[in-house]
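Summary of structural features
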Amino acid sequence: MEFYELQQIVEANSRRAIQALTDWIAELTHNIEGLTTVENQAQEERVELRRATIGIANLLRSLDSDRMVGGWK
């Protein structure tokens, strides 16, 4: 095998390796963005759940107060 042929093979393999790494990085970046989106959605849902829980607690406290004032023990 001549030097030129060997050089062509090495360059072709290098290009393939670089392309594979580039594709892998792009996929990894996409997955990280997807995880960030999921984390943000989960945070929003936790906030909504917290608000709903506080609302229910306030409603129950209000109902309990009404019973105590009206003499319904």
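Residues numbered from 1 in each chain as written. Predicted model: local features only at pLDDT ≥ 70, side-chain atom pairs only at ≥ 80, totals over all residues. Heavy atoms only, no water.

**Observations concerning the overall build of the protein chain**
Spelled out, the test is: For the purposes of this entry, the term helix denotes a DSSP run of H or I that reaches at least four residues, the term strand denotes a run of E that reaches at least two, and both are numbered from the N terminus. In this description the radius of gyration comes from C-alpha coordinates, and the expected globular size is given by 2.2 Å times residues to the power 0.38. Relative accessible area decides the class of each residue, using a 1.4 Å probe on protein chains only: under 20% of the type maximum gives buried, over 50% gives exposed, and in between gives partly exposed. Computed with a 1.4 Å probe, the accessible areas rest on the Shrake-Rupley method; for each residue, only the protein chains presented here act as cover. Under the counting rule used here, the positive set is Lys and Arg, the negative set is Asp and Glu, and His together with the chain ends is not counted. Charge placement uses NZ in Lys and CZ in Arg. For Asp and Glu, CG and CD serve respectively.
Each helix and strand in the protein chain was counted, giving one helix and zero strands. In summary, the protein chain has a C-alpha radius of gyration of 31 Å against a globular reference of 11 Å for 73 residues, an excess of more than 25%. Projecting the C-alpha coordinates of the protein chain onto the three principal axes gives extents of approximately 105 × 15 × 5 Å. Per-residue burial for the protein chain yields a buried fraction of 1% across its 73 residues. Element-wise, carbon and sulfur atoms account for 61% of the exposed surface of the protein chain, whose accessible area totals about 6,900 Å². Between the mean site of the 8 positive side-chain charges and the mean site of the 12 negative ones, the protein chain shows a separation of 19 Å.

**Observations regarding a nonpolar patch on the surface**
Our working definition: Nonpolar side chains (Val, Leu, Ile, Met, Phe, Trp, Tyr) within 5 Å and like charges within 9 Å form the patches, drawn only from residues with over 30% relative accessible area and no salt bridge. The working definition used for a salt bridge is a side-chain nitrogen of Lys or Arg within 4 Å of a carboxyl oxygen of Asp or Glu.
A surface patch of nonpolar side chains, about 520 Å² in accessible area, is lined by Leu 21, Trp 24, Ile 25, Leu 28 and Ile 32. Locating Leu 28 in the fold gives a position in helix H1 (residues 3-70).

**Some remarks on the environment of Leu 6**
Relative to the helices and strands, Leu 6 is located in helix H1. When its relative accessible area of 44% is taken as the criterion, Leu 6 is described as partly exposed. Counting along the chain gives 18 residues from Leu 6 to Trp 24, while the straight-line C-alpha distance between them is 27 Å.

**Quick notes on the environment of Gln 19**
Tracing the backbone through its elements, the reader meets Gln 19 in helix H1. The exposure class assigned to Gln 19 is partly exposed, which follows from its relative accessible area of 43%. The spatial distance from the C-alpha of Gln 19 to the C-alpha of Thr 29 is 15 Å, given a sequence separation of 10 residues.

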